[in-house]
Amino acid sequence: MTVHLTTALRRHALMPPPTQPLARATNHDDYLSCMRDVARCEASLRELNLMWGLIEASARMNCPQDARAILPTMAATRSQFAQMEKDLVASLVHEKLQNALGEIQTRAAYVIDIVVRNLYERTADVGFLATDPVLCALLADPVRDNGPVFRRLIEYRSKYTVYDEILVLDAQGMVLAQTDTTSPVEFSRDPLVAQTLAGSGWVETFRRSDLRPQASQALLYSQRMRGPGGESGLLCMSFQFSQEMAGIFQTHGDPSGRSVMMVLDASHRVIASSDEAWMPLGITVPTNLGQTPTAFVHQGRRYLVATRAASGYQGYPGPQGWLGQVMIPLEVAFGQQGGDRGLDPQLLQGLLSHADTFCPPLHDIMVASDRIQRIVWNGQVMTAGSDRDMSKLKTVLDQINDTGHRSRQLFRDAINELYQTVLGTSMTEAGFNARLLVDLLDRNLYERADDCRWWALNPVLRAGLAQTDAAGGSVLSAVQAMQAVLQHINGLYTVYTRIVVYDRQGAIVAGSGAALPPGARIAPETLKQVLALGDTQRYHVEPFAPHDFYEGAPTWVYHAAIRHPDEPGRVLGGIGLVFDSGPELLAMLQGVVGERADTHAIFLSPGGEVLASTCPRLAVGEPWSPPEALRQVPRGDFRSHVGVYRGQYAVMAASTSAGYREFKRSDGHDDEVVAVVIRLFGEVRDADLAGARQDALIERRQDEGPTREFATFIVGGQVMALAARHVLEAVPASDLRRTAVGQASLQIGMVRRQADGQSAYVWVYDLARALALPSAVPDTERQILIVQVNDHAFGLLVDDLHAVAEFPEADIVPSPLNAWGDALVGQIIRANQGRLSIQVLDSARVQALALGG
């Protein structure tokens, strides 16, 4: 049974708050042995760092004069590389550790919060059932035949199957009635009897009890009862804790078996375990409520540990001191974090262009990698075009070029590894959330199926409908009595907007909530289904659709047959519970995804109709089709997908409801619901442009005849070149000072550069705009080339740097665009035996562009 969910879910979201950033792990060696990919990367980085040192030493020894101009650059490169090595390894370790901990922290929160939500329902059950008049009457006459009491308790337990025993006791602890005949109890000395009788509310007990003599531990809910003459007694309900936990572990545990999920008591003792052979009941384990990124040792093995206390639900804190915990051995904690599941490389590259928003450390490494590339590139252009014999220095520069390319590739691989870790965790988290949503919905609707069947057995409703049936019309006293019962129930259980009782003709006899229009009736097909229900275990659900009883909005209505009190086989009519689907479904979605603006959640029918959505652009009842990869998801499973949603890159996941206990599994009701979770990462960019960092190494050819030296770069996804003698250096576009003073739209601002110890500003022009090429690279990640032609210095904004290399004259041909005479592209370089085409900009025409000509 459930009271109102909406307010509480807005107050206490079930989803744990986003994982707090972890403090940097101080000793990476503790984790590197378990992160083989990071260890390999560290070894490669050290090798390249040594190579940079050897290149610098070689230049100092073999050509100190020729290398004088670039030695400071080489020293800066080596220093930057050493720092990058430390930062990259630290970031890889940190991100892998944070993602591994974040995943188990989420699951630790799920296990304790799901348990607490379920147990809150039990506190409501025991309080409501303790007022049942049939049960209370037993206290006044305990020696009478209690067959009706036994049958009533059995009816209750057969509907609310979370209980394995229900007992009624008198004030002395004598058992008056119980449902479990296989474990008879005549008398109880358990202290909970006195504790319950001394209070006015429910009592929660978890330990061994003589009320459940065959169980090593029992979770009991007891409530004081009052007989019609003021007699005292108590109701005690035993919750099937072990069975319930087994279901939670099966749904939300680790299918790979790498981790173990547990519930702990206040003494940090295991009271439920997903693998009792691994973590037996009763043992004490280390906890990590502070979310410390530290390995904990348990029985000689190192673990990552995530511990979460319950967040509470509608004022109910849960059993005192209970904790949810997940432990994963360190040696397997980082083995399944990859996110590249056959995804489109261009899509992945476009998503990576938004790294600054979804993974700042990853973005910082990318920026630092670009900085090293710029230093190497500048070192090469500084020596380009010299008339002196610099053969020794050229050898050094070739080594710099090769090592720079290897360094960039290594950094790209490491960045991709880190990216895959972050993306894989996002996909898993979205899948967990989608599966949690359908589980919460099934658990909620399970209670609705229980409620309608139990309330259909209410003695007042059965007697009142029998009087109405016998009289052939409404009997005022009977209607008033039924109305009072329905109003009382609906006042306690506000997940329903109204509850109605109707006769065999479908006419509404009594109801709660706002008055229905005159002549309101149950739909003929629904009435036919209800009247045909074979026994008290059967119920009928009207499909999710617009309903007159819900002011025309779509919802589910749960029905059960009301039977004659003296003739159980005779159906007199039924009871209908109108679920308040609008706020309740939305509250479930918001409770999982929270208030995050970049994340949306949707409930869908199998046919793609929106049942509820946190996305304001998706209305209830609107058709919405998930991506093909998220369709036909097996029940109880989830699938994750990286794609595009409304013009933005997104990680999406879907899960299909699998039912709860017998609900939707063996009770004849089958109404699948799909939950979809969408996390947005940024607007779609042209994949070719966003990923246009051409890393192809330019091949050198021996005995290639006369050559010319060019500085190459990327604009609009295309490789372009300028004569190296005209390029002074490259500076980051973040140094650009934008201004509106420029004479032309191509003139976008100014940048300061140092030359001969003096500082000077040069104008900067947008080369992509001049060439009518699109650019999807963010301005902060672009580069500015400082170019000098005929003593005129200016800047060109480009997307990325490429290389500085010599090309044989034979590989340089006129561009077809030369026919127009004023085209900026004057020649084409057929590099790498024609496999790479490079467009050469005419320096004079570029200067004319800068001069406004």
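Residues numbered from 1 in each chain as written. Predicted model: local features only at pLDDT ≥ 70, side-chain atom pairs only at ≥ 80, totals over all residues. Heavy atoms only, no water.

**Focus: the overall build of the protein**
Scanning the protein from N- to C-terminus turns up 19 helices and 32 strands. The burial tally for the protein puts 57% of its 853 residues in the buried class. Counted over contacts in the protein with a minimum sequence separation of 6, partners at least 24 positions apart contribute 65%. Carbon and sulfur atoms make up 50% of the accessible area of the protein, which amounts to about 34600 Å² in all. (Helix = DSSP H or I, 4+ residues; strand = E, 2+ residues; numbered from the N terminus. Buried < 20%, exposed > 50% of the residue type's maximum accessible area, 1.4 Å probe, protein only. Contact = heavy atoms within 4.5 Å. Areas by Shrake-Rupley, 256 points an atom, 1.4 Å probe, with all protein chains shown as cover.)

**Some thoughts on the pairing of strand β19 (residues 648-656)**
A large share of β19 lies buried, amounting to eight of its nine residues. Across eight bridges, the pairing between strand β18 (residues 638-645) and β19 is antiparallel. Across the sheet, residue Gly-643 finds its bridge partner in β19, namely Ala-650. Hairpin connection of β18 to β19: two residues between the antiparallel strands, including Arg-646 at a positive phi of 50 degrees. As paired elements, β19 and strand β20 (residues 674-683) share nine bridges and run antiparallel to each other. Following the sheet pairing, Val-651 is matched in β20 by Arg-679. (Pairing = 2+ DSSP bridges.)

**Focus on the sheet that holds strand β5 (residues 232-239)**
In spatial order, the strands read β2-β1-β5-β4-β3; together these five strands make up an open sheet with antiparallel pairing. What marks the edges here is a single partner per strand, and that holds for β2 (175-178) and β3 (203-207). Strand-to-strand twist of the sheet, defined as the mean angle between neighbouring strand axes without regard to direction, takes the value 25 degrees. Bridging between strand β1 (residues 163-170) and β2 involves three bridges; their strand directions are antiparallel. If you follow Leu-167 over to β2, its bridge partner there is Gln-178. The sheet contacts of helix α6 (residues 147-159) involve β1, β2 and β5, and relative to β1 the element is tilted by about 145 degrees. (Axes fitted to C-alpha atoms, helices over the stretch in contact; angles between N-to-C directions.)

**Comments concerning the packing of helix α13 (residues 459-471) against helix α14 (residues 476-492)**
For any two helices packed against each other, one specifies the crossing angle of their axes together with the interaxial distance. Interaxial distance between α13 and α14 falls to 9 Å at its minimum, and their mutual angle equals 155 degrees. Overall, the two elements α13 and α14 adopt an arrangement that is roughly antiparallel. Of the two elements, α13 crosses α14, and the hand of that crossing is left-handed. Residues Val-460, Leu-461, Gly-464, Leu-465, Gln-467 and Thr-468 of α13 lie in contact with α14, whose contacting residues are Ser-477, Ala-478, Ala-481, Met-482, Val-485 and Leu-486. Partitioning the contact of α13 with α14 into residue classes produces eight nonpolar, four polar and no charged. (Parallel < 35°, antiparallel > 145°, perpendicular 65-115°, else oblique. Left-handed = near helix turned anticlockwise from the far one by under 90°. Nonpolar A, V, L, I, M, F, W, Y, C, P; charged D, E, K, R; others polar.)

**Considering unusual backbone geometry**
You will see that Gln-314, though not glycine, has its phi angle at about 50 degrees, which is positive. With respect to the helices and strands, Gln-314 occurs in the loop between β9 (301-309) and β10 (323-329). Even without glycine at this site, Arg-646 takes up a positive phi of about 50 degrees. Tracing the backbone through its elements, the reader meets Arg-646 in the loop between β18 and β19. Arg-646 sits in the partly exposed class, given a relative accessible area of 37%.

**Let's talk about α14**
Since there are 3.6 residues in each turn of an α-helix, residues three or four apart along the chain are aligned in direction. With 17 residues, α14 extends 24 Å from end C-alpha to end C-alpha; this agrees with the ideal 24 Å at 1.5 Å per step. Among the residues of α14, Ala-478, Val-479, Met-482, Val-485, Leu-486, Ile-489 and Asn-490 are the ones counted as buried. The buried residues of α14 occupy one face: seen down the axis, they fall within an arc of 130 degrees. Along α14, exposed side chains directed more than 90 degrees from the buried face belong to Leu-476 and Gly-491. (Expected span 1.5 Å × (residues − 1). Arc of directions from axis to C-beta.)

**A word on empty space enclosed by the protein**
For the coordinates displayed, the defined rule picks out eight cavities of 30 Å³ or more. Considered as a void within the structure, the largest cavity measures approximately 170 Å³ in volume. Lining the largest cavity are 12 residues, with Arg-117, Asn-118, Glu-121, Arg-443 and Asn-444 positioned closest to its centre. The dominant element in the lining of the largest cavity, judged by the number of residues it contributes, is helix α4 (residues 71-129), at five residues. Partitioning the lining of the largest cavity into residue classes produces five nonpolar, two polar and five charged. (1 Å grid on protein atoms, 1.4 Å probe; cavity = no way out; pocket = protein on both sides within 12 Å on 5 of 7 lines; lining within 4 Å. Points joined across faces, edges and corners; volume = space filled by probe spheres on them.)

**Some thoughts on the environment of Ser-407**
Its location among the elements puts Ser-407 in helix α12 (residues 391-455). In this structure, the C-alpha to C-alpha distance between Ser-407 and Gln-373, residues 34 residues apart in sequence, is 8.6 Å. Look past the residues within four positions of Ser-407 in its chain and what remains in contact with it is Leu-48, Trp-52 and Phe-81.

**Details of the side chain of Thr-712**
If you trace the backbone, Thr-712 turns up in strand β21 (residues 707-715). Exposure remark for Thr-712: the relative accessible area of 0% places this residue in the buried category. Reaching out from Thr-712, the side chain makes a polar contact with the side chain of His-802 at a distance of 2.8 Å. (Polar contact = N/O pair within 3.5 Å; in protein donor to acceptor, adjacent residues only side chain to side chain.)

**Considering α13**
The first and last C-alpha atoms of α13 sit 18 Å apart over 13 residues, in line with the 18 Å expected at 1.5 Å per residue. Every buried residue of α13 is listed here: Leu-461, Arg-462, Gly-464, Leu-465, Ala-466 and Thr-468. At the N-terminal boundary of α13, the capping side chain belongs to Asn-458, with an oxygen 2.9 Å from the backbone nitrogen of Val-460. After α13 finishes, the residue Gly-472 shows a positive phi value of roughly 75 degrees.

**Structural notes on the packing of helix α5 (residues 133-140) against α6**
Contact geometry of α5 with α6 gives a least axis separation of 10 Å together with a crossing angle of 145 degrees. In the packing of α5 onto α6, the handedness of the crossing is left-handed. Seen from α5, the contacting residues are Val-134, Leu-135 and Leu-138; seen from α6, they are Val-149, Arg-152 and Leu-153. When the residues that make up the contact of α5 with α6 are grouped by side-chain class, the tally is five nonpolar, no polar and one charged.

**Examining the pattern of salt bridges**
Considering all chains together, one arrives at 32 salt bridges under this definition. Among the ionic pairs, Asp-469 bridges to Arg-570, the shortest N-O distance being 2.4 Å. Within this pair, whereas Asp-469 is found in helix α13, its partner Arg-570 is found in the loop between β14 (554-563) and β15 (571-579), the two being separated by 101 residues in sequence. Under the relative-accessibility criterion, Asp-469 is labelled partly exposed at 31%. Between Asp-670 and Arg-635 there is a salt bridge, with the nearest N and O atoms lying 3.6 Å from each other. Of the two residues, Asp-670 is situated in the loop between β19 and β20 and Arg-635 in the loop between β17 (610-613) and β18; the sequence distance between them amounts to 35 residues. Taking relative accessible area as the criterion, Asp-670 reaches 56% and is therefore assigned exposed. When salt bridges with common partners are traced through the structure, they connect Asp-164, Glu-165, Asp-180 and Arg-212 into a single cluster. (Salt bridge = Lys/Arg side-chain N within 4 Å of Asp/Glu carboxyl O.)

**As for the packing of aromatic side chains**
The tally for this structure, following the rule as stated, stands at 21 aromatic pairs. Ring centres of Trp-278 and Tyr-303 lie 6.5 Å apart, and the angle between their planes is 35 degrees; on these two criteria the pair is classed as tilted. Residue Trp-278 is located in the loop between β7 (270-273) and β8 (296-298), and its partner Tyr-303 is located in strand β9; the two are separated by 25 residues in the primary sequence. Each member of the pair Trp-278 and Tyr-303 is classed as buried. (Phe/Tyr/Trp six-rings, centres within 6.5 Å; stacked < 30°, edge-to-face > 60°.)

**A closer look at the environment of Ser-200**
With respect to the helices and strands, Ser-200 occurs in the loop between α7 (192-198) and β3. Along the backbone, Ser-200 and Met-225 are 25 residues apart, and their C-alpha atoms lie at a distance of 9.1 Å. Aside from chain neighbours lying at most four places away, what touches Ser-200 is Gln-223 and Arg-224.

**Focus on the sheet that holds strand β32 (residues 836-841)**
Taken in spatial order, the six strands make up an open sheet running β29-β21-β22-β32-β31-β30, and their pairing is mixed. At either end of the open sheet lies a strand with only one pairing partner, and these are β29 (800-808) and β30 (812-814). This sheet shows a mean twist of 35 degrees between the axes of neighbouring strands, independent of strand direction. The sheet contact formed by strand β22 (residues 718-723) and β32 spans two bridges and is parallel.

**Things to note about the nonpolar core**
One finds Leu-304, Trp-556, Ile-575 and Phe-603 to be the most contacted residues of the largest nonpolar core, which totals 155 residues. If you look at the next biggest cluster of nonpolar residues, it comprises 29 residues, including Leu-785, Leu-801, Leu-824 and Val-846. (Core = buried A, V, L, I, M, F, W, Y, C linked by side-chain atoms within 4.5 Å.)

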